[in-house]
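# Examination of the molecular architecture
Here is how the chains run, residue by residue.
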Amino acid sequence: MSKVKVSQVKGSMLVTFVKAIKADKTGACEKLLTDEDKKNISTLVLASKWYPFETYKNCFKAVCQVNAGKKPDVLREWGRMAGETTMTTIYKTVLNKKDAESALGAFQQIVKNVYDSITIEKKMVSDNEIIITITDFDPDFEEWYLVGMGWIERTIELVIKKEVKSEIIERSWLGAPATVFKMRWS
């Protein structure tokens, strides 16, 4: 099992979840947070500030549990939508890439800017297949991996202008040493 090194996350990754929690008038999301989480998100969350990873994880999981019921297909679709929104607005330069490998290289750089530790490796298996291995991240954060798969999948689609099919071939939350995605297109 890969060792978790991540301890902080940029506020830009936390703010969406904090907005969803504050918009939840039932209080269901907030009930899933620790007192420390509530303290960390009680003030304005700044995009450029670093926040505790545990607060980010708890907020992420609370929003997923309350709004998606932890359904893998819903989480993957959320990732696809977030990927499209982010890559077509904030990170438009990624769309200038010419192939899946360079698109994923740009994605790797973005991830390194918002998490204090994560390793994403890519291997082109053929002209239309890539293997993506994620280590040095929380191995038990299934929701993040499902959303991330959708995000990566949509980013590659935007660059290569082809539909991408994804599957998870190793799952760290089930004891594998890494989470591994296989993505293909025709």
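Our subject is the structure that appears above.
Throughout what follows, the structure given in this document is the object of discussion. (Residues numbered from 1 in each chain as written. Predicted model: local features only at pLDDT ≥ 70, side-chain atom pairs only at ≥ 80, totals over all residues. Heavy atoms only, no water.)

### Remarks on the overall build of the protein
When helices and strands are counted, the protein shows seven helices and six strands. Along its sequence from the N terminus, the protein presents helices and strands in the succession β-α-α-α-β-α-α-α-β-β-α-β-β. Scaling as 2.2 N^0.38, a compact globule of 186 residues should have a C-alpha radius of gyration of about 16 Å, and the protein matches this with 16 Å. For the protein, contacts bridging at least 24 residues in sequence account for 63% of all contacts bridging at least 6. (Helix = DSSP H or I, 4+ residues; strand = E, 2+ residues; numbered from the N terminus. Rg over C-alpha atoms; globule rule 2.2 N^0.38 Å. Contact = heavy atoms within 4.5 Å.)

### Thoughts on the nonpolar core
Residues Y56, Y115, F137, W144 and M183 are the most contacted members of the largest nonpolar core, which totals 56 residues. Broken down by secondary-structure element, the contributors of at least two residues to this core are helix 1 (11-23), helix 4 (53-68), helix 5 (72-89), helix 6 (100-114), strand 4 (129-135), helix 7 (142-160) and strand 6 (179-184). Looking at which element gives the most residues to this core, the answer is helix 7, with eleven residues. The residues contacting M183, other than those within four sequence positions of it, are N128, E129, I130, I132, M149, I152, E153, I156, V164, K165 and S166. (Core = buried A, V, L, I, M, F, W, Y, C linked by side-chain atoms within 4.5 Å. Buried < 20%, exposed > 50% of the residue type's maximum accessible area, 1.4 Å probe, protein only.)

### Topic: the pairing of strand 4
Along strand 4, seven of the seven residues are buried, which leaves the element largely enclosed by surrounding structure. Burial along strand 4 is two-sided: E129, I131, T133 and T135 and I130, I132 and I134, pointing in opposite directions, are all buried. Counting the residues between successive antiparallel strands, the hairpin from strand 3 (residues 119-126) to strand 4 contains two residues. Two strands pair when backbone bridges link them, and strand 4 and strand 6 are joined in this way by six bridges, in the antiparallel orientation. Following the sheet pairing, I134 is matched in strand 6 by T179. (Pairing = 2+ DSSP bridges.)

### So, the packing of helix 4 against helix 7
Where helix 4 meets helix 7, the axes come as close as 9 Å, and the angle between the chain directions of the two elements is 75 degrees. In terms of orientation, helix 4 lies roughly perpendicular with respect to helix 7. Residues Y56, F60, K61 and C64 of helix 4 lie in contact with helix 7, whose contacting residues are E143, W144 and V147. Its residues placed into classes, the contact of helix 4 with helix 7 shows five nonpolar, no polar and two charged. (Axes fitted to C-alpha atoms, helices over the stretch in contact; angles between N-to-C directions. Parallel < 35°, antiparallel > 145°, perpendicular 65-115°, else oblique. Nonpolar A, V, L, I, M, F, W, Y, C, P; charged D, E, K, R; others polar.)

### Here's the deal with helix 4
For helix 4, spanning 16 residues, the distance from its first C-alpha to its last is 21 Å, which sits close to the expected 22 Å at 1.5 Å a residue. Buried within helix 4 we find F53, T55, Y56, K57, N58, C59, F60, A62, V63, C64 and A68. Phi for G69, located one or two positions after helix 4, is positive at around 60 degrees. (Expected span 1.5 Å × (residues − 1).)

### Remarks on the pattern of salt bridges
Throughout the structure, instances matching the rule amount to eleven salt bridges. For K61, the salt bridge identified is with E143, shortest N-O distance 3.7 Å. Taken as a pair, K61 in helix 4 and E143 in helix 7 lie far apart in primary sequence, 82 residues in all. Of the charged contacts, one joins E163 and K165 as a salt bridge, the two residues approaching to 2.8 Å between their closest N and O atoms. Comparing E163 with K165, the two get one shared label, exposed. When salt bridges that share partners are traced, they join R76, E77, R80, E84, E153, R154 and E157 into one network. (Salt bridge = Lys/Arg side-chain N within 4 Å of Asp/Glu carboxyl O.)

### Some details on the state of the cysteines
Formally, a disulfide is one covalent bond, and it connects the sulfur atom of one cysteine to the sulfur atom of another. Evaluation of the coordinates by the stated rule reveals zero disulfides. In this structure C29 is a free cysteine whose sulfur lies 8.9 Å from that of C59, the closest cysteine sulfur available. Unpaired in this structure, C64 has its nearest cysteine sulfur neighbour in C29, at a distance of 9.4 Å. (Disulfide = S-S within 2.5 Å.)

### Some points on the packing of helix 4 against helix 5
Running from N to C, helix 4 and helix 5 point in directions that differ by 120 degrees, and their axes come no closer than 10 Å. You can see that helix 4 and helix 5 cross each other, and the crossing is right-handed. Note on element contacts: helix 5 touches helix 4 through V74, L75 and W78, opposite V63, C64, N67 and A68. Per-class residue counts for the contact of helix 4 with helix 5 are six nonpolar, one polar and no charged. (Left-handed = near helix turned anticlockwise from the far one by under 90°.)

None of the figures reported here should be taken as evidence of function without further support.
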